[in-house]
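# Observations on the model geometry
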Amino acid sequence: MIRVLLADDEHLVRQAIATLLGLEGDIEVVAQVGRGDQVKPAVTEHRPDVVILDVEMPGMDGLTVAESLPGQAMLILTSFGRPGYLRRALAAGVRGFIPKDASADELAAAIRRVHAGGRYLDPEMAASAMMAGESPLTDRERDALALAARGAAVSEIATALHLTEGTVRNYLSNAITKLGAGNRITAIRAAQDMGWI
């Protein structure tokens, strides 16, 4: 039996997926959580073989959760097939990346493959990631832009990143230039569309 932990903030979607997986003879959903910050304690308590994560969740996003669970077999199930998300997930050790519009049979096959130590990547998402290339942003530019996307002022970003306000302005300006954006808002949108922040 493959023991699965399912993490998705949409209750109805999570319940439907759990019900569908329950029809598989070799897969058992041992726990369900609706927040990213609930995943690690649930992994400790239930010891799943495979963790299925949504990307966008309250408390902690699925990619950050994945980064906090080294060695755990994980699969991302998402409606956000952004190229940067796929790259970040793979860098965090995630072995499966599948869209929410996949069939139940495809999801079950992906769980089995990940459990067996293999990888399962949706071909469309993989092709998009390859064509998009790497993020042009440095880690600091990405961090500054991500905080700006949450509405933080330059002074707040400087405090959070332990930088001067001038340095933060430089990072934001560099990000705007690298993304070919006319201003901070369009730079944020471009980076979000690619999954870089």
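Predicted, not measured: the structure shown is a model, and the values here were computed from it.

Rules used throughout
Numbers given for residues are sequential positions, taken from 1 along each chain in its written order. Restriction of local features to residues with pLDDT of at least 70 applies here, the model being predicted, together with a cutoff of 80 or more for giving and counting side-chain atom pairs; totals for whole chains, interfaces and linings are based on all residues. Processing note: side-chain calculations cover all non-hydrogen atoms of the structure and skip hydrogens and water entirely. UniProt positions are given in the numbering used here, feature names are shortened, and annotations may be inferred rather than shown by experiment. For helices the rule is a DSSP run of H or I covering at least 4 residues; for strands it is a run of E covering at least 2, with both sets numbered from the N terminus onward. For the exposure calls, accessible area comes from a 1.4 Å probe over protein chains only, and a residue counts as buried if that area is under 20% of its type's maximum, exposed if over 50%, partly exposed in between. Counted charges follow a simple rule, with Lys and Arg positive, Asp and Glu negative, and His plus the chain ends left uncounted. For salt bridges, the criterion is a side-chain nitrogen of Lys or Arg within 4 Å of an Asp or Glu carboxyl oxygen. Contacts are assigned to residue pairs with any non-hydrogen atoms lying within 4.5 Å of each other. By definition, two strands form a pair when at least two bridges between them are found by DSSP. Handedness of a crossover is defined as follows: orient the strands so they point away from the viewer, and if the path from the first strand over the helix to the second runs clockwise, the crossover is right-handed. To define axes, lines are fitted to C-alpha atoms, for helices over the stretch in contact only, and angles between the resulting N-to-C directions are given on a 0 to 180 degree scale. In protein, a polar contact means a hydrogen-donor-capable atom and an acceptor-capable atom, both N or O and within 3.5 Å, with residues adjacent in sequence counting only if both atoms are side-chain atoms; elsewhere, any N or O pair within 3.5 Å suffices. Only buried Ala, Val, Leu, Ile, Met, Phe, Trp, Tyr and Cys residues count toward a nonpolar core, and they belong to the same one when joined by side-chain atoms within 4.5 Å.

### Details of the UniProt feature "domain: HTH luxR-type" (unreviewed entry) in the protein chain
When the UniProt feature table is mapped onto this chain, "domain: HTH luxR-type" (unreviewed entry) is found at residues 130-195. Helix makes up 71% of residues 130-195 and strand 0%, whereas the separation of the span's terminal C-alpha atoms amounts to 13 Å.

### Describing the side chain of D122
Summarising the element assignment, D122 is placed in the loop between β6 (120-121) and α6 (123-132). Buried D122, no salt bridge; nearest opposite-charge side chain is R113, N-O distance 11 Å. Those residues in contact with D122 that sit more than four places away from it in its chain are F97, I98, P99 and E106.

### Focus: the pairing of strand β4 (residues 73-78)
The buried fraction of β4 amounts to six of the six residues, a majority that puts the element mostly inside the structure. Residues A73, L75 and L77 line one face of β4 and the alternating positions M74, I76 and T78 line the opposite face, and both faces are buried. Here strand β3 (residues 50-53) pairs with β4 via four bridges, running parallel. Within the sheet, the bridge partner assigned to L53 lies in β4 and is I76. A crossover connection joins β3 to the parallel β4 through helix α3 (residues 62-67); in handedness this β-α-β unit is right-handed. At this point the chain moves from β4, through helix α4 (residues 83-91), to the parallel strand β5 (residues 96-99), and the crossover so formed is right-handed.

### Section: the pairing of β3
Here β3 shows a buried face lined by V50 and I52 and a second buried face lined by V51 and L53. Alignment of strand β1 (residues 2-7) against β3, held across four bridges, turns out to be parallel. Residue pairing for β3: A7 is matched across the bridge by L53.

### A closer look at the UniProt feature "modified residue: 4-aspartylphosphate" (unreviewed entry) in the protein chain
Per the UniProt record, the feature "modified residue: 4-aspartylphosphate" (unreviewed entry) sits at D54. One can find D54 in the loop between β3 and α3. If we skip the residues at most four places from it in the chain, D54 touches A7, D8, D9, G62, L77, T78 and K100.

### Details of the sheet that holds β1
An order of β2-β1-β3-β4-β5-β6 is seen for the six strands of this open sheet, with the pairing classed as parallel. With partners counted over all chains shown, the strands left at the sheet margins are β2 (27-33) and β6, one partner each. Along the sheet, helix α2 (residues 39-46) contacts β1, β2 and β3; its crossing angle with β1, the most-contacted strand, is approximately 160°. Helix-sheet contacts for α6 involve β4, β5 and β6, and the interaxial angle to β5 is about 110°.

### Observations regarding the environment of D26
Structurally, D26 can be placed in the loop between α1 (11-22) and β2. For D26, a relative accessible area of 27% gives the class partly exposed. When the C-alpha positions of D26 and A89 are compared, they lie 26 Å apart, and in sequence the two are 63 residues distant. Beyond its immediate stretch of four places on either side in the chain, D26 contacts M1, I2 and R112. A polar contact of 2.8 Å, which involves the side chain of D26, links it to the side chain of R112.

### Let's talk about the pattern of salt bridges
A full pass over the atoms with the stated rule returns eleven salt bridges. Notably, a salt bridge pairs R112 with E24, separated by 2.6 Å at the nearest N-O pair. Here R112, found in helix α5 (residues 104-115), pairs with E24, found in the loop between α1 and β2; they are 88 residues apart in sequence, far enough to count as distant. Among the salt bridges present, the one from R112 reaches D26, with a minimum N-O distance of 2.8 Å. Here D26 lies in the loop between α1 and β2 and R112 lies in helix α5, a separation of 86 residues in the sequence. Assessed through its relative accessible area of 29%, R112 is described here as partly exposed.

### Structural notes on the nonpolar core
Residues L5, V39, L53 and I76 are the most contacted members of the largest nonpolar core, which totals 26 residues. Residue assignment for this core shows that the elements contributing at least two residues are β1, β2, α2, β3, α3, β4, α4 and α6. Not counting chain neighbours up to four residues away, the residues in contact with L53 comprise A7, V39, G62, V65, A66, M74, L75, I76 and L77.

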